[in-house]
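# Architecture at a glance
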4 protein chains.
Amino acid sequence: MIKKHLGNSNLDIHFVSGGTQANMIIISSILRPYESVISADSGHINIHEAGSIEAVGHKINSVPCSDGKLRVEDIETILSQHKEAPHVVKPKMVYISNSTELGTIYKLDELIKLSNFCKKNGLYLFMDGARLGSALCSKNNDISLENLARLLDIFYIGGTKNGALLGEAIVITNDELKKDFSYNLKQKGALMSKGRVLGLQFATLFEDNLFFDLATHTNLMAQKIAKTLQKCGFNFLCEPETNQIFPILPNMLIKKLEKKYSFYVWKKINKDFSAIRLVTSWATKESAIDKLIASIESGHDI
Amino acid sequence: MIKKHLGNSNLDIHFVSGGTQANMIIISSILRPYESVISADSGHINIHEAGSIEAVGHKINSVPCSDGKLRVEDIETILSQHKEAPHVVKPKMVYISNSTELGTIYKLDELIKLSNFCKKNGLYLFMDGARLGSALCSKNNDISLENLARLLDIFYIGGTKNGALLGEAIVITNDELKKDFSYNLKQKGALMSKGRVLGLQFATLFEDNLFFDLATHTNLMAQKIAKTLQKCGFNFLCEPETNQIFPILPNMLIKKLEKKYSFYVWKKINKDFSAIRLVTSWATKESAIDKLIASIESGHDI
Amino acid sequence: MIKKHLGNSNLDIHFVSGGTQANMIIISSILRPYESVISADSGHINIHEAGSIEAVGHKINSVPCSDGKLRVEDIETILSQHKEAPHVVKPKMVYISNSTELGTIYKLDELIKLSNFCKKNGLYLFMDGARLGSALCSKNNDISLENLARLLDIFYIGGTKNGALLGEAIVITNDELKKDFSYNLKQKGALMSKGRVLGLQFATLFEDNLFFDLATHTNLMAQKIAKTLQKCGFNFLCEPETNQIFPILPNMLIKKLEKKYSFYVWKKINKDFSAIRLVTSWATKESAIDKLIASIESGHDI
Amino acid sequence: MIKKHLGNSNLDIHFVSGGTQANMIIISSILRPYESVISADSGHINIHEAGSIEAVGHKINSVPCSDGKLRVEDIETILSQHKEAPHVVKPKMVYISNSTELGTIYKLDELIKLSNFCKKNGLYLFMDGARLGSALCSKNNDISLENLARLLDIFYIGGTKNGALLGEAIVITNDELKKDFSYNLKQKGALMSKGRVLGLQFATLFEDNLFFDLATHTNLMAQKIAKTLQKCGFNFLCEPETNQIFPILPNMLIKKLEKKYSFYVWKKINKDFSAIRLVTSWATKESAIDKLIASIESGHDI
């Protein structure tokens with residue numbers, strides 16, 4: 001089913017239980033010991049995976065990216081800092097996430113530029129798709145699954161954050177990276193005895209349009225909040241495109257909201273304002289959103 | 001529920017998805033880089049986990065054990081070979097599995113001897129309980145869950161091989177080993193976003209006697225085959241105690257059985273006989289067993 | 001001899017062949033798998049050791065430090081970003097180099113502040129002393145070897161960059177870190193069969209004042225250049241305190257110098273000026289310095 | 001000079017400080033994470049390197065070899081035990097040492113058989129030559145340095161155990177293994193700032209016949225002891241071919257010798273006899289040997 005959606009049957013698909021596991025296995029299976037992976041500083045592998053990439057032996061070359069998106073210039077910066085072989089690591093892979101950890105998405109022309117640059121410079125391009133559903137169903141998206149299969153060397157389609165109980169589907173498009181991949185799954189503890197638990201999740205998500213329906217609902221819920229906030233005159237840390245939005249609110253309002261809702265204060269903007277992180281899911285009910293909107297409007301009025 | 005079964009509330013429990021993952025995380029979380037783990041040569045970590053223990057940096061000191069069970073003398077042998085510090089690794093942990101990879105089980109007095117020896121020699125005692133259900137429900141068993149909590153430093157209760165879709169419950173009894181354990185789960189990709197998937201498996205297995213009922217059935221099915229084979233005059237590689245049995249059969253009979261059944265030929269015994277491995281599960285139906293028995297009897301008669 | 005210089009006999013000393021080896025062994029012997037080390041972004045371990053720290057499994061939390069020196073505020077920043085256990089690494093060690101990779105040195109009050117903060121926060125304080133000679137012999141230095149033995153948990157005294165053919169002397173002052181250290185040396189390939197090669201270097205450096213005499217000469221040579229450059233009105237990236245200086249020169253002058261001398265262009269400052277890196281050694285002859293000074297003055301005149 | 005001795009200029013040579021370092025770097029630079037190395041159980045990497053190969057992530061598949069020499073049948077045994085991909089490691093390299101840890105040497109026909117088998121089975125053949133000098137200068141040797149360059153994928157020539165203060169020369173003959181090798185040197189702490197220390201050792205050993213002269217003397221000293229022991233009617237654990245010999249002596253005699261000489265008791269043979277390990281070096285004086293011989297003869301007489 002997945003191959004059909006990807007419009008390509010010459011690719012290998014492996015299922016693992018979660019995103020950290022997928023990232024760790026993909027990166028360790030591809031890189032030689034002295035090779036590194038380039039990532040936005042907000043990249044999930046760089047901050048939120050307890051050092052799993054370093055634990056399998058590889059340096060992450062991180063670059064500050066205010067909107068969570070890595071661009072060709074960022075990669076060039078890293079490459080220019082790693083000329084003194086063999087005293088430095090050798091960057092060999094580019095890690096991007098879509099949607100990003102800041103809720104933004106890549107556009108097709110951006111992805112083409114990255115892909116071309118990577119091919120020309122001998123770098124593998126890998127997309128962490130833990131949040132791929134929300135990216136592909138964003139109102140601003142112009143990328144298809146077929147595009148991904150053509151422009152990336154390897155990526156995964158996230159089930160866990162899109163309605164599945166567990167499971168990510170790793171897609172290997174570059175023939176060089178296919179050989180012996182399942183040894184890595186076994187060695188890292190990812191090969192399940194009853195792998196059908198994972199397969200069933202994806203069979204259900206992809207036998208019809210469920211994968212996309214769930215992501216579309218998820219995004220709509222966040223966008224409804226975003227519209228209210230925009231109407232109220234609030235800015236955002238990044239453009240609200242998916243189910244993660246980062247509005248910049250007065251600290252007074254944040255304090256009121258914290259009494260009723262659970263969310264992260266992401267970043268202090270100045271002495272009066274901070275950005276917060278709001279995330280919706282496939283299971284978020286519109287009535288809950290409406291309550292939050294009411295709280296914002298009333299809190300804001302005061 | 002598990003703590004109640006263990007008769008001890010001063011212990012930490014963590015859930016992971018499978019046995020290789022459990023072994024890798026437990027061993028890497030406890031040992032310093034130069035420390036090693038002692039195992040029977042048939043130990044699952046030594047052969048069937050694609051080098052996962054070495055991949056996290058540790059040597060396995062393996063000892064030949066004809067019945068899969070490690071004894072104090074085996075540990076002494078390894079210790080005596082590792083006196084020349086710092087040129088050799090420092091053995092620091094003992095790994096045993098129960099039931100073992102050869103279907104045998106530890107008796108209480110054996111476990112007490114191992115435990116005392118380990119305590120005296122500064123070694124951690126770790127039990128791989130992927131097949132713990134079948135061990136505890138063996139007709140020969142005299143060990144209780146309470147015994148395990150008292151005699152071991154750390155162990156796990158296997159769900160995957162005892163009816164669960166996935167899941168092993170790691171039990172830490174030694175206070176020294178509890179600190180920061182969940183960092184290791186996250187770093188090795190084992191911390192699931194929706195951990196309730198794992199918790200539910202164990203809630204179901206332990207809310208009543210289901211865990212033990214399933215294991216009892218599993219063992220009975222294998223024992224029924226064993227009795228027939230014994231009646232036919234066949235020997236076994238090890239005593240048939242659980243749901244894995246290793247009868248020694250004439251190659252002629254093995255060839256006939258292979259046409260209808262799927263099993264491993266485990267070991268060549270002589271030019272006419274080989275040991276095979278038969279495994280039953282919680283889902284094995286008695287009617288299937290009866291068919292196999294009929295095949296053996298008729299194949300043997302000829 | 002070294003213990004006498006350190007004014008303390010309750011410490012362990014181990015010799016290794018070079019700085020990368022010392023850093024890798026020290027860090028991997030101390031940290032648990034999920035623990036990380038905090039470093040200035042210019043830290044040698046972060047850039048110039050081909051990923052050796054990551055290769056032994058640990059993340060480096062790097063902080064931008066314009067003069068190469070890490071301060072308490074920098075550590076606080078990192079700690080504040082790592083509150084979400086177990087999703088993030090656990091910072092457990094602070095790495096500083098003295099003199100730094102930018103030629104600057106720590107003052108006693110700065111080191112006391114770092115030491116107190118680390119003790120209070122359960123962090124180990126480790127000093128990379130590959131360039132310790134040049135630091136201790138800087139005109140601005142007010143730190144003694146005795147201070148180091150009191151304020152640091154572990155550090156090393158660099159021989160390779162201070163006249164020895166090879167060799168760094170690792171000094172462990174914290175009792176917790178002493179146990180089994182030599183296993184780590186052996187495992188990482190650092191335990192030499194003929195260790196006297198290393199011991200002799202340090203016996204020679206410390207039997208009299210040679211270690212300090214060589215470093216003093218080294219610094220003097222660089223300071224002579226620095227004075228000329230200051231006289232000519234040039235600025236520096238950081239204060240020139242040791243044998244590494246980073247003058248900011250007109251690109252025109254740099255081009256002329258490159259024809260006769262070998263050095264790195266360190267950093268572009270603006271379209272007309274760049275900082276270069278000049279390093280002197282124990283073997284640098286004053287006549288060579290005088291030639292360079294003449295070149296600068298004549299190049300500058302034009 | 002080394003290339004001339006090897007009769008081949010199309011090979012890469014790298015110097016490192018010692019044998020454990022050489023083994024660790026060679027093996028980790030070649031193998032993928034799930035690949036393993038096959039070794040005799042007496043192999044130096046398997047016992048005497050504090051788990052350094054496992055610390056860089058790889059399993060050693062060890063085989064009992066009574067004389068320390070690995071044969072094609074041993075490799076076949078390991079391969080036959082590793083068919084169940086991906087549950088087992090994938091053996092990809094064969095490690096042999098020459099002379100072995102039991103003082104024995106490979107003959108040319110044995111090496112040709114190993115080389116052919118490895119080529120046919122996609123295995124890399126690597127020779128640990130820490131004791132290569134003593135092997136090539138054994139009275140039984142029929143292998144030349146040229147043979148090694150043709151039959152092996154990678155090997156090293158040991159300086160440390162053959163008169164040098166430190167240093168092993170790694171020789172890469174297989175083009176596939178040459179790329180980026182120096183990154184591995186740097187990352188593992190083996191790239192010395194003053195690499196001339198290593199180069200000079202080998203320049204001295206190979207500018208004339210010194211390398212071979214030292215090894216010849218070393219062997220002669222051990223052979224002189226061996227002849228006396230044979231004359232006295234003693235047997236050996238393995239044939240005494242190089243500078244390590246393992247005579248089987250009465251425990252009574254061993255006790256007497258222990259009062260005057262320092263050596264290992266290697267192995268208990270029966271209740272009255274044990275094998276001991278005697279090793280000579282380039283610096284062993286004939287007068288010392290004569291004293292030992294006198295002690296043996298007089299001890300034996302009594």
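Residues numbered from 1 in each chain as written. Chains lettered and ligands numbered in written order. Predicted model: local features only at pLDDT ≥ 70, side-chain atom pairs only at ≥ 80, totals over all residues. Heavy atoms only, no water.

## Things to note about the packing of aromatic side chains
Counted by the stated rule, this structure contains 36 aromatic pairs over all chains. Look at Phe206 of chain B and Phe212 of chain B: their rings are 6.2 Å apart centre to centre, the planes differ by 80°, and that puts the pair in the edge-to-face class. A residue is classified by how much of its surface remains accessible, and Phe206 of chain B, at 3% relative accessible area, is buried. Aromatic ring contacts, followed pair by pair, group Phe15, Phe202, Phe206, Phe211 and Phe212 of chain A into a single cluster. Over the ring of Tyr106 of chain A we find Lys69 of chain A; its NZ or CZ atom is 5.7 Å from the centre of that ring. (Phe/Tyr/Trp six-rings, centres within 6.5 Å; stacked < 30°, edge-to-face > 60°. Buried < 20%, exposed > 50% of the residue type's maximum accessible area, 1.4 Å probe, protein only. Lys NZ or Arg CZ within 6 Å of the ring centre and 35° of its normal.)

## A few points about the sheet that holds strand β3 (residues 60-63) of chain D
Residues and elements named next belong to chain D. Spatially, seven strands are ordered β1-β7-β6-β5-β4-β2-β3 in an open sheet, and the strand pairing comes out mixed. Here the strands that pair on one side only, and so sit at the sheet edges, are β1 (12-16) and β3. Averaged over all pairs of adjacent strands, the angle between their axes in this sheet comes to 25°, without regard to strand direction. Bridge count for strand β4 (residues 90-97) against strand β5 (residues 124-128) is five bridges, and the pairing is parallel. When the bridges of β5 are listed, Ile96 appears paired with Met127. Along the sheet face, helix α2 (residues 19-30) touches β1, β2 (35-40), β4, β5, β6 (154-158) and β7 (168-172) and points at about 170° away from the line of β6. (Pairing = 2+ DSSP bridges. Helix = DSSP H or I, 4+ residues; strand = E, 2+ residues; numbered from the N terminus. Axes fitted to C-alpha atoms, helices over the stretch in contact; angles between N-to-C directions. Contact = heavy atoms within 4.5 Å.)

## Examining the pattern of salt bridges
Taken as a whole, this structure holds 40 salt bridges over all chains when the rule is applied. The closest approach of N and O atoms between Asp67 of chain B and Arg71 of chain B, which form a salt bridge, is 2.8 Å. On the basis of relative accessible area, Arg71 of chain B is assigned to the partly exposed category, the value being 29%. Put simply, Lys69 of chain C and Glu110 of chain C hold a salt bridge, and the shortest N to O gap is 2.9 Å. Placement of Lys69 of chain C in the loop between β3 (60-63) and α5 (72-80) and of Glu110 of chain C in helix α6 (residues 108-120) is noted, with a sequence separation of 41 residues between them. Taken together, the shared-partner salt bridges in this structure form one network comprising Asp67, Lys69, Arg71 and Glu110 of chain A. (Salt bridge = Lys/Arg side-chain N within 4 Å of Asp/Glu carboxyl O.)

## Description of the state of the cysteines
Per the counting criterion, the structure on display carries zero disulfides over all chains. Here Cys65 of chain C stays free of any disulfide, with the sulfur of Cys238 of chain C as its closest cysteine sulfur at 11 Å. (Disulfide = S-S within 2.5 Å.)

## Here we look at the interface of chain B and chain A
The partner chain A presents 25 residues to the 26 residues of chain B that form the contact. Of the roughly 2,000 Å² buried at the junction of chain B and chain A (both faces included), carbon and sulfur atoms supply 57%. Summed over the three residues of chain B that lose the most area to chain A, namely Lys186, Gln187 and Lys194 of chain B, the buried surface amounts to 27% of that side. Taken together, the links from chain B to chain A amount to eight residue pairs in polar contact (both at pLDDT 80 or more). Listing elements by their share of the side of chain B that touches chain A, those giving two or more residues are α2 (19-30), α4 (52-55), α9 (181-187) and α10 (196-207) of chain B. Looking at side-chain class alone, the side of chain B that touches chain A contains ten nonpolar, eleven polar and five charged residues. (Buried area = accessible area lost by both parts, 1.4 Å probe. Polar contact = N/O pair within 3.5 Å; in protein donor to acceptor, adjacent residues only side chain to side chain. Nonpolar A, V, L, I, M, F, W, Y, C, P; charged D, E, K, R; others polar.)

## Details of the relation of the copies chain D and chain B
In screw terms, the move from chain D to chain B is a rotation of 180° and a rise of 0.0 Å along the axis, fitting with an RMSD of 0.0 Å. Such a combination of turn and shift is consistent with a two-fold rotation axis. Taken as a fraction of all interface residues of chain D, those also at the interface in chain B reach 100%, which identifies the copy contact as same-surface. (Least-squares fit on C-alpha atoms with pLDDT ≥ 70 in both.)

## Some thoughts on empty space enclosed by the protein
Within this structure, the stated rule accounts for eleven cavities of 30 Å³ or more. Counted as a void, the largest cavity has a volume near 790 Å³. Around the largest cavity sit 42 residues that line it, and Ala55 and Val56 of chain A, Ala55 of chain B, Ala55 of chain C together with Ala55 of chain D are the ones nearest its centre. Those elements giving two or more residues to the lining of the largest cavity turn out to be α2 (19-30) of chain A together with α2 of chain B. Class assignment of the residues belonging to the lining of the largest cavity gives a composition of 18 nonpolar, 16 polar and eight charged. (1 Å grid on protein atoms, 1.4 Å probe; cavity = no way out; pocket = protein on both sides within 12 Å on 5 of 7 lines; lining within 4 Å. Points joined across faces, edges and corners; volume = space filled by probe spheres on them.)

## Structural notes on the sheet that holds strand β2 (residues 35-40) of chain A
Residue and element names in this part refer to chain A. Ordered in space as β1-β7-β6-β5-β4-β2-β3, the seven strands form an open sheet in which the pairing is mixed. Only two strands of the sheet have a single partner each, and these edge strands are β1 (12-16) and β3 (60-63). Looking at each pair of strands side by side, their axes are set apart by 25° on average, direction ignored. The pairing of strand β6 (residues 154-158) with strand β7 (residues 168-172) spans five bridges and is classified as antiparallel. Each bridged residue has a counterpart across the sheet, and for Ile157 the counterpart in β7 is Ala169. Packing of α2 onto the sheet brings it into contact with β1, β2, β4 (90-97), β5 (124-128), β6 and β7, and relative to β6 it is tilted by some 170°. Lying on the sheet, helix α10 (residues 196-207) is in contact with β1, β6 and β7; it crosses β1 at an angle near 115°.

## What to know about the side chain of His58 of chain D
Along the chain, His58 of chain D turns up in the loop between α4 (52-55) and β3. Separated by 3.0 Å, the side chain of His58 of chain D and the backbone oxygen of Glu35 of chain D make a polar contact.

## Quick look at the interface of chain D and chain B
Counting residues at the interface gives 18 residues for chain D, matched by 18 residues for chain B. Surface buried jointly by chain D and chain B totals about 1,500 Å² across both partners, of which 49% is contributed by carbon and sulfur atoms. Of all residues in chain D, the largest losses of buried area upon contact with chain B belong to Ala50, Glu54 and Lys59 of chain D, amounting jointly to 34% of the total for that side. There are two salt bridges connecting chain D and chain B. Ionic pairing is found between Glu54 of chain D and Lys59 of chain B, a salt bridge with its closest N-O pair at 2.7 Å.

## Focus on unusual backbone geometry
In this structure, Ser99 of chain A follows Asn98 of chain A across a cis peptide bond, with omega equal to -5°. Secondary-structure assignment places Ser99 of chain A in the loop between β4 and α6 (108-120). Pro86 of chain D follows Ala85 of chain D through a cis peptide bond whose omega is 0°. Unlike most non-glycine residues, Asp180 of chain B shows phi in positive territory, near 65°. With respect to the helices, strands and loops of the structure, Asp180 of chain B is situated in the loop between β7 (168-172) and α9. Asp180 of chain B sits in the buried class, given a relative accessible area of 17%.

## Observations regarding the confidence of the model for chain A
Across chain A, the average pLDDT comes to 96, with 99% of residues at or above 70. Our summary of model confidence lists the complex with pTM equal to 0.97 and ipTM equal to 0.95. (pLDDT = per-residue confidence, 0-100.)

## Notes on α10 of chain A
Residues and elements named next belong to chain A. With twelve residues, α10 ought to run about 16 Å at 1.5 Å a step, and its terminal C-alpha atoms sit 15 Å apart, in line with that. Among all positions in α10, only Val197, Leu198, Gln201, Phe202, Leu205 and Phe206 are buried. Along the axis of α10, the buried positions cluster into a sector of 155°, meaning they face one direction only. α10 presents Arg196, Leu200 and Glu207 as exposed residues on the side facing more than 90 degrees away from its buried surface. (Expected span 1.5 Å × (residues − 1). Arc of directions from axis to C-beta.)

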